[in-house]
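Coordinate inspection notes
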Amino acid sequence: GAAEEPAERAGTVGQFEPTRAHSAAISLLFTMKHWNLPPTQLGCCTFHMSVLLAKGLIKRILKDRCNPQWCPLSGWQCRVCTCMN
């Protein structure tokens, strides 16, 4: 879909194109595979428990103060998935 295609402008690391939303989602799923969650009644399955935790963590991180020093990795960009390395 259109949301998965890179924008026509540069990303926050100017010399590279923006990472596609689909690739960002895949990297988030990969990160969640590294979590060993305690049993809980909050989700119907381990996958959705991980998604709920990620959602809660994002909500918490959004409350943090701005960090003007934070930026994506900028060594190189994969031509296939557009993720930064």
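Scroll up to find the structure this text is about.
Basis of the calculations
- Residues numbered from 1 in each chain as written.
- Predicted model: local features only at pLDDT ≥ 70, side-chain atom pairs only at ≥ 80, totals over all residues.
- Heavy atoms only, no water.
- Helix = DSSP H or I, 4+ residues; strand = E, 2+ residues; numbered from the N terminus.
- Buried < 20%, exposed > 50% of the residue type's maximum accessible area, 1.4 Å probe, protein only.
- Contact = heavy atoms within 4.5 Å.
- Areas by Shrake-Rupley, 256 points an atom, 1.4 Å probe, with all protein chains shown as cover.
- Patch = residues over 30% accessible without salt bridge, like charges linked within 9 Å, V, L, I, M, F, W, Y side chains within 5 Å.
- Salt bridge = Lys/Arg side-chain N within 4 Å of Asp/Glu carboxyl O.

**Some details on the overall build of the chain**
Tallying secondary structure elements over the chain gives 2 helices and 0 strands in all. Counting only residues that meet the buried cut, the chain has 15% of its 85 residues in that class. Intrachain contacts of the chain at a sequence separation of at least 6 include 37% that bridge at least 24 residues. For the chain, the computed accessible surface area is about 7,300 Å², with 61% contributed by carbon and sulfur atoms.

**Observations regarding a nonpolar patch on the surface**
A contiguous nonpolar patch, built from I26, L29, F47 and V51 and spanning about 320 Å² of accessible area, is present on the exposed surface. Of all elements in the fold, only α1 (21–32) and α2 (46–62) reach the threshold of two or more residues within the nonpolar patch. Mapped onto the elements, I26 comes out in helix α1. Looking at I26, the relative accessible area reads 45%, which means it is partly exposed.

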